[in-house]
Amino acid sequence: MMVKQILREKGHNVVTVPLDATLSEATVVLAQKRIGALVVRDTEGQVVGILSERDIIQALAQESVNALTHPVSAHMTRRVSTCSETDTIDDLMELMTLKRFRHVPVMAEGRLAGIVSIGDIVKSRIAETEREAESLRGYIATG
Ligand code: AMP
């Protein structure tokens, strides 16, 4: 199964924040949208980083509540690993396991085309397993 099949179901929307948003603002967006990471864009709309809830926890652990007034740019990860729509779910699982992160933005023709989280992968795997079990049951019933 490919990344584009996950995006077909969940859509292409990606929640982003500007570089100069504060950690406090980013935290509000994460909570309101019930998500775990935000893609960070510069003024031209280019992807320049990713900020996950773990980055906020690290910042709070190191700098206490003062961190909440810092810009996102001070705590985000700048080297973002991305994937394409034609990558497989297996590729993504391997990437997330090796690099120990749970979010991968999807790029298509140089533009942000979606984001896949580990939750999306688990959901798609469960659906795939259920489809396989259903077809096996059908095969046994008609056999
Ligand atoms: P996560 O497991 O996604 O909450 O993120 C754990 C750490 O990896 C945080 O420091 C994130 O900024 C970073 N991170 C998350 N996703 C990516 C990604 N696709 N590429 C690079 N770093 C990431």
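Residues numbered from 1 in each chain as written. Predicted model: local features only at pLDDT ≥ 70, side-chain atom pairs only at ≥ 80, totals over all residues. Heavy atoms only, no water.

S.K.: Teacher, can you tell me more about the site of the ligand here?
M.R.: Close to the ligand lie 13 residues; Ser 52, Asp 55, Thr 77, Arg 102 and His 103 are nearest. Ser 81 is positioned with one of its backbone polar atoms (N or O) 2.8 Å from a nitrogen atom of the ligand. Arg 102 places a side-chain nitrogen or oxygen 2.7 Å from an oxygen atom of the ligand. Protein coverage of the free-state accessible area of the ligand, which is 470 Å², stands at 90%. When contributions to the shell around the ligand are tallied by element, the ones reaching two or more residues are strand E3 (47-52), helix H3 (53-63) and strand E4 (103-108). Among the elements that line the shell around the ligand, the one with the most residues is E4, at three residues. Tallied by class, residues from the shell around the ligand come to five nonpolar, four polar and four charged. (Near = heavy atom within 4 Å. Polar contact = N/O pair within 3.5 Å; in protein donor to acceptor, adjacent residues only side chain to side chain. Areas by Shrake-Rupley, 256 points an atom, 1.4 Å probe, with all protein chains shown as cover. Helix = DSSP H or I, 4+ residues; strand = E, 2+ residues; numbered from the N terminus. Nonpolar A, V, L, I, M, F, W, Y, C, P; charged D, E, K, R; others polar.)

S.K.: Looking at this structure, I do not really get the pairing of strand E2 (residues 37-41). What am I missing?
M.R.: Side-chain direction in a regular strand flips from residue to residue, so the side chains alternate between the two faces of the sheet. The buried fraction of E2 amounts to four of the five residues, a majority that puts the element mostly inside the structure. Two strands pair when backbone bridges link them, and strand E1 (residues 16-18) and E2 are joined in this way by three bridges, in the parallel orientation. Pairing of Thr 16 across the sheet is with Val 39, part of E2. For the handedness criterion, the β-α-β arrangement of E1, helix H2 (residues 23-33) and E2 is classed as right-handed. With five bridges connecting them, E2 and E3 associate as antiparallel partners. Looking at the pairing, Leu 38 lines up with Leu 51 of E3. Where E2 hands over to E3, the hairpin turn is made up of five residues, of which Gly 45 adopts a positive phi near 90°. (Buried < 20%, exposed > 50% of the residue type's maximum accessible area, 1.4 Å probe, protein only. Pairing = 2+ DSSP bridges. Right-handed = clockwise from strand over helix to strand, strands pointing away.)

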